[in-house]
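# Tertiary structure, described
This is what each chain is made of:
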Amino acid sequence: MLNSIRLGVVMDPISSIKIHKDSTFAMLLAAQKRGWQLSYMELSDLSLKDNAAYGWMRPLEVADDPKNWFKLGIPKPEPLYNLQIILMRKDPPFNISYIMSTYLLQQAATTGVLVVNAPQSLRDANEKLFALQFPKFCPPTLVTTKAEDIRAFWSQYEDIILKPLDGMGGASVFRIRHQDPNLNVIIENLTHNEQKLIMVQRFIPEICFGDKRILIVDGETIPYALARMPAPGEFRGNLAAGGKGMGTPLSAKDKQIARQVGIELKKRGILFAGLDIIGDYLTEINITSPTCLRELDKIFDLDIATDLLNACERRLKKA
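Quick look at the structure, then. None of the values given here were measured: they were computed from a predicted structure. (Residues numbered from 1 in each chain as written. Predicted model: local features only at pLDDT ≥ 70, side-chain atom pairs only at ≥ 80, totals over all residues. Heavy atoms only, no water.)

Attention shifts here to helix 5 (residues 183–191). Within the sequence span of helix 5, burial applies to Leu-183, Ile-186, Ile-187, Leu-190 and Thr-191. Down the axis, helix 5 shows its buried residues gathered within 110° of arc, on one side only. Buried residues along helix 5 sit in contact with helix 4 (147–157), strand 10 (160–164), strand 11 (174–176) and strand 12 (198–202). Downstream of helix 5 by one or two residues, His-192 has phi in the positive range, about 50°. (Buried < 20%, exposed > 50% of the residue type's maximum accessible area, 1.4 Å probe, protein only. Helix = DSSP H or I, 4+ residues; strand = E, 2+ residues; numbered from the N terminus. Arc of directions from axis to C-beta. Contact = heavy atoms within 4.5 Å.)

Okay, here's the thing in structure tokens:
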């Protein structure tokens, strides 16, 4: 184990997280337990000066205490190359500020800093579109701005899902069934009057058995999933939309999908990812800030954060 690691984290305000289910917090606890030094940043703390990436870093201490879970030191500007590892854990929306931050993090990566996940992959592997690189595992899907295309898809499948390409947590996801009078207004709003690409998919009725989150660490699949069950009257399993998580072993199909996706993730420097699978269909590949780590740890007595840090150490030793 490497004991002299400085680990930086870029995340949403730590004061607002729910530590009992926050995957980033689990990673920070595990790193601190190893004796690693923690440095805290938010997106607005990143900068670039004379071609070197900097961050206003604050020393961070964490405790698994719901009343007093963090302590921050005085902020100080430092070059990111003073760190050995940076966890990029800022939640979507995947907007222009997020994209620009990946260029700064990529500059840090050129100096030998291990950025998790790789900044170029964060830009290239959109969480909705990346799944389409594995078409045999995906439901019928359309990506378009055009209302005419969407209406034709709806006519073919009659029960469809519409969602933005840059959201998370089930936000702005709509289900439209046969003869639903709301289709046109939903298309207008999601596409900004045919100016913004959206994703349309055939509705998968197996959502009643849960939207399975499967975690992959450096290409290796965690052998259990969190099946997120929709709340009564809901079609979305997202925990943020009121879904309830139930632990479940992976099916043979789950393992097949995860194995093939994991190979590509490892090639792209994506050390931590979350696959979303409904029934036998891959619907998303989450790489910005995948969640459900703490839930799976609790249900199955795992330590996924330690698995991730071990993978980070292996990467550093190979560098």
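After that view of the structure, there is still more to cover.
Leu-7, Ile-14, Leu-28 and Ile-85 are the most contacted members of the largest nonpolar core, which totals 40 residues. Apart from residues no more than four positions distant in its own chain, Ile-14 is found in contact with Leu-28, Tyr-40, Leu-60, Val-62, Trp-69, Phe-70 and Leu-72. (Core = buried A, V, L, I, M, F, W, Y, C linked by side-chain atoms within 4.5 Å.)

In this section: the packing of aromatic side chains. Remark: the centre distance and the inter-plane angle together describe each pair of aromatic rings, the angle taken between the planes. Applying the stated criterion to the full structure yields five aromatic pairs. Between Trp-69 and Phe-70, the aromatic rings sit 5.8 Å apart at their centres with planes inclined by 55°, giving tilted as the arrangement. Looking at Trp-69, the relative accessible area reads 16%, which means it is buried. A relative accessible area of 25% means that Phe-70 is categorised as partly exposed. Above the ring of Tyr-103, the side-chain terminus of Arg-123 is found at 4.1 Å from the ring centroid. The ring of Phe-203 has Arg-175 lying over it, and the distance from NZ or CZ to the ring centre is 3.6 Å. (Phe/Tyr/Trp six-rings, centres within 6.5 Å; stacked < 30°, edge-to-face > 60°. Lys NZ or Arg CZ within 6 Å of the ring centre and 35° of its normal.)

So, about the sheet that holds strand 11. With antiparallel pairing, four strands are arranged side by side in an open sheet as 9-12-10-11. With partners counted over all chains shown, the strands left at the sheet margins are strand 9 (141–144) and strand 11, one partner each. The sheet shows a mean angle of 25° between the axes of neighbouring strands, direction not considered. Sheet analysis places strand 9 next to strand 12, joined by four bridges and oriented antiparallel. From the neighbouring strand, Val-143 faces strand 12, where its bridge partner is Met-199. Lying over the sheet, helix 5 contacts strand 10, strand 11 and strand 12, oriented at roughly 25° with respect to strand 10. (Pairing = 2+ DSSP bridges. Axes fitted to C-alpha atoms, helices over the stretch in contact; angles between N-to-C directions.)

The final tally for this structure, using the stated rule, is 15 salt bridges. Among the salt bridges present, the one from Asp-45 reaches Arg-58, with a minimum N-O distance of 3.1 Å. Residue Asp-45 is found in the loop between strand 2 (37–41) and strand 3 (46–49), and its partner Arg-58 is found in strand 4 (residues 52–62); the two are separated by 13 residues along the sequence. Pair check on accessibility: Asp-45 and Arg-58 agree, each one buried. Close ionic contact of Lys-128 with Glu-284 constitutes a salt bridge, the shortest N to O distance being 3.7 Å. In this pair, Lys-128 is assigned in the loop between helix 3 (119–124) and strand 9 and Glu-284 in strand 17 (residues 281–286), connecting sequence segments 156 residues apart. The burial state of Lys-128 is the same as that of Glu-284; both residues are buried. (Salt bridge = Lys/Arg side-chain N within 4 Å of Asp/Glu carboxyl O.)

Turning our eyes to something else, we now look at the packing of helix 4 against helix 5. The contact between helix 4 and helix 5 brings their axes to 11 Å, and the two run at 135°. The orientation of helix 4 with respect to helix 5, classified from their angle, is oblique. Seen along the crossing, helix 4 lies across helix 5 with a hand that is right-handed. Side by side, helix 4 and helix 5 meet where Ala-147, Ile-150, Arg-151 and Trp-154 of the first sit next to Leu-183, Asn-184, Ile-187 and Thr-191 of the second. For the contact of helix 4 with helix 5, the residue count by class is five nonpolar, two polar and one charged. (Parallel < 35°, antiparallel > 145°, perpendicular 65-115°, else oblique. Left-handed = near helix turned anticlockwise from the far one by under 90°. Nonpolar A, V, L, I, M, F, W, Y, C, P; charged D, E, K, R; others polar.)

This brings us to the sheet that holds strand 13 (residues 211–217). Across the sheet, five strands lie side by side as 15-14-13-16-17; this open sheet has antiparallel pairing. Taken across any chain shown, the strands that pair with only one partner, and hence form the sheet edges, are strand 15 (244–249) and strand 17. Between one strand axis and the next, the sheet turns by 30° as a mean value, whatever way the strands run. Pairing between strand 14 (residues 220–229) and strand 15: six bridges, direction antiparallel. Across the sheet, Leu-226 pairs through a bridge with Gly-247, a residue of strand 15. In the packing of helix 7 (residues 293–300) onto the sheet, contacts are made with strand 13, strand 14, strand 15 and strand 16 (272–278), and the angle to strand 14 comes to roughly 100°.

Together, Glu-148, Asp-149, Glu-188 and Glu-194 line one region of the surface with negative charge. Asp-149 gets classed as partly exposed once you look at its relative accessible area, which sits at 34%. (Patch = residues over 30% accessible without salt bridge, like charges linked within 9 Å, V, L, I, M, F, W, Y side chains within 5 Å. Areas by Shrake-Rupley, 256 points an atom, 1.4 Å probe, with all protein chains shown as cover. Lys, Arg positive; Asp, Glu negative; His and termini not counted. Charge placed at Lys NZ, Arg CZ, Asp CG, Glu CD.)

A word on the packing of helix 1 (residues 23–33) against helix 8 (residues 304–318). Contact geometry for helix 1 and helix 8: axes closest at 9 Å, N-to-C directions at 65°. Crossing handedness for the pair helix 1 and helix 8: right-handed. Across the interface between the two elements, Ala-26, Met-27, Ala-30 and Ala-31 of helix 1 pack against Ala-305, Thr-306, Leu-308 and Leu-309 of helix 8. Counted by class, the contact of helix 1 with helix 8 contains seven nonpolar, one polar and no charged residues.

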